[in-house]
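Summary of the model geometry
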Amino acid sequence: MDTHITREAAKARTDVTPSAASTGGAAGLGSIRLAGAGLTIGALAWAASIFVYGTDAQGMGGRIHDLTGLAFQLGVFCLLRVQMRTRAVGTSRGAAIGLRVEAVLLAVAGVWSLLHGVLPDGLRDQVWLGLMDIFWPLSMFGMFAIGVKLALAARWRGMLRWWPLVAETWAVATVPTYLVFGDPLANWVGGCHLVIGYALLGLLLTRRPELTVADEENGR
């Protein structure tokens, strides 16, 4: 028997389908669970503030509303990070750019929430801060667009394919309700929608993170 010893490194095989545990989208199921928990906590915190103080609160209630809104936005950042990591809306360059644009919109909205929650009263009505406030609804409508694209891309599976679209209709459902019926009804619609939509979406990510792995990356 002829034994041949080589010092060359073994070449990677190209005929093996990667398993879910070895792909980038599934490498951190634990981190996806943590992201889901962050989304649920943030959504519940903001919903509680809306139920207690409403969306047009003043004084300390208004500051609590702003800061719990920031907690929600941080939770949405967790969701957005998972969507980026798993290429939830597709593998094209355009899909990746769309998620990054949403991250910028959400970041500016988050800075507004922080500043509006902690700045002295005399600075909270500055024009430049009011302009930043526009990014709040823009970021939420951006998440709605992502929910539509995610459902069409069909890379997430089961309920996680469809529930982001349910959650991300928050602005579509709440803003028109506020414009037509005003605060009382809009507060209940907005708060309940957060619980049913984003809080439950976070729970799904916590319980079933493997559903964020596309079939082709799961070796199926």
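Note that the coordinates shown come from a computational prediction; the quantities given were computed from them, not determined experimentally.

Before going further, it helps to examine the overall build of the chain. A count of helices and strands for the chain gives eight helices and zero strands. The helix and strand sequence of the chain, counted from the amino end, reads α-α-α-α-α-α-α-α. Residue burial in the chain is summarised as follows: out of 220 residues, 43% are buried. For the chain, the proportion of contacts with a sequence separation of at least 24, taken over those separated by at least 6, is 77%. Of the roughly 11800 Å² of accessible surface on the chain, 67% is carried by carbon and sulfur atoms.

A word on the pattern of salt bridges. Opposite charge on two side chains lets them pair, provided their charged atoms get close. A full pass over the atoms with the stated rule returns four salt bridges. Close ionic contact of R124 with D66 constitutes a salt bridge, the shortest N to O distance being 3.0 Å. Of this pair, R124 sits in the loop between α3 (93-118) and α4 (127-133) while D66 sits in helix α2 (residues 59-85); the two residues are 58 residues apart in sequence, bridging distant segments of the chain. Taking the relative accessible area as the measure of exposure, R124 reaches 13% and is therefore buried. For D66, a relative accessible area of 6% puts it in the buried group. E210 serves as the salt-bridge partner of R208, at 2.4 Å between the closest nitrogen and oxygen. Under the relative-accessibility criterion, R208 is labelled partly exposed at 40%.

It is worth spelling out the side chain of H193 at this point. Relative to the elements of secondary structure, H193 occurs in helix α8 (residues 183-207). For H193, the contacting residues outside a window of four places in its chain are V166, A167, T169, W170, A173 and Y198.

Under the definition given, this model contains six aromatic pairs. Where W46 meets W136, the ring centres are 5.0 Å apart and the plane angle is 20°; that geometry is what we call stacked. Of this pair, W46 sits in helix α1 (residues 29-53) while W136 sits in helix α5 (residues 135-153), and the two are 90 residues apart along the sequence. Each member of the pair, W46 together with W136, is buried. Members of the aromatic cluster, each reached through a chain of ring pairs, are W46, F72, W136, W170 and Y198.

Two quantities define a packed helix pair, namely the angle between the axes and the distance from one axis to the other. Closest axis-to-axis distance for the α2/α5 pair is 12 Å, and the angle between their directions is 30°. Considered as vectors, α2 and α5 are oriented roughly parallel to each other. You can see that α2 and α5 cross each other, and the crossing is left-handed. On α5, the residues touching G69, F72, Q73, V76, L79, L80 and Q83 of α2 are W136, M140, M143, I146 and L150. Looking at the contact of α2 with α5 residue by residue, the classes come out as nine nonpolar, three polar and no charged.

Our focus in this paragraph is the confidence of the model for the chain. Regions with low pLDDT carry predicted coordinates that are not meant to be interpreted in detail. Looking at the chain, pLDDT values average 86 and 85% of them are 70 or higher. Between the elements of the chain, mean pLDDT differs from a low of 83, seen in helix α7 (residues 170-181), to a high of 96, seen in α3. Here residues 12-27 is a poorly scored stretch, pLDDT under 50, and it has 24 contacts once near neighbours within four places are set aside; other chains count.

Before going further, it helps to spend a moment on a nonpolar patch on the surface. Where nonpolar side chains cluster on the molecular surface, the patch consists of L44, F51, V52, Y53, W188, V195 and I196 and spans about 680 Å² of accessible area. By residue number, the principal contributor to the nonpolar patch is α1, which donates four residues.

Looking now at the environment of G42. Along the chain, G42 falls in helix α1. Each C-alpha atom of the pair G42 and L70 lies 8.0 Å from the other, and the pair is 28 residues apart in sequence.

Our focus in this paragraph is α1. In an α-helix, one turn spans 3.6 residues; hence positions three or four apart end up facing the same way. The end-to-end C-alpha distance of α1, which contains 25 residues, comes to 36 Å, matching closely the 36 Å that a straight helix rising 1.5 Å per residue would cover. On the buried face of α1, the contacting elements are α2, α5, α7 and α8. Among the residues trailing α1, G54 stands out with phi positive, at a value near 80°.

Another point: the packing of α2 against α8. At a minimum axis distance of 11 Å, the contact between α2 and α8 shows a crossing angle of 45°. On the basis of the axis angle, α2 is oblique to α8. α2 and α8 meet at a crossing whose hand is left-handed. From α2, F72, V76 and L79 reach across to α8, where they touch L194, Y198, L201 and L205. Of the residues that constitute the contact of α2 with α8, the class distribution is seven nonpolar, no polar and no charged.

Rules and cut-offs
Residues numbered from 1 in each chain as written. Predicted model: local features only at pLDDT ≥ 70, side-chain atom pairs only at ≥ 80, totals over all residues. Heavy atoms only, no water. Helix = DSSP H or I, 4+ residues; strand = E, 2+ residues; numbered from the N terminus. Buried < 20%, exposed > 50% of the residue type's maximum accessible area, 1.4 Å probe, protein only. Contact = heavy atoms within 4.5 Å. Areas by Shrake-Rupley, 256 points an atom, 1.4 Å probe, with all protein chains shown as cover. Salt bridge = Lys/Arg side-chain N within 4 Å of Asp/Glu carboxyl O. Phe/Tyr/Trp six-rings, centres within 6.5 Å; stacked < 30°, edge-to-face > 60°. Axes fitted to C-alpha atoms, helices over the stretch in contact; angles between N-to-C directions. Parallel < 35°, antiparallel > 145°, perpendicular 65-115°, else oblique. Left-handed = near helix turned anticlockwise from the far one by under 90°. Nonpolar A, V, L, I, M, F, W, Y, C, P; charged D, E, K, R; others polar. pLDDT = per-residue confidence, 0-100. Patch = residues over 30% accessible without salt bridge, like charges linked within 9 Å, V, L, I, M, F, W, Y side chains within 5 Å. Expected span 1.5 Å × (residues − 1).

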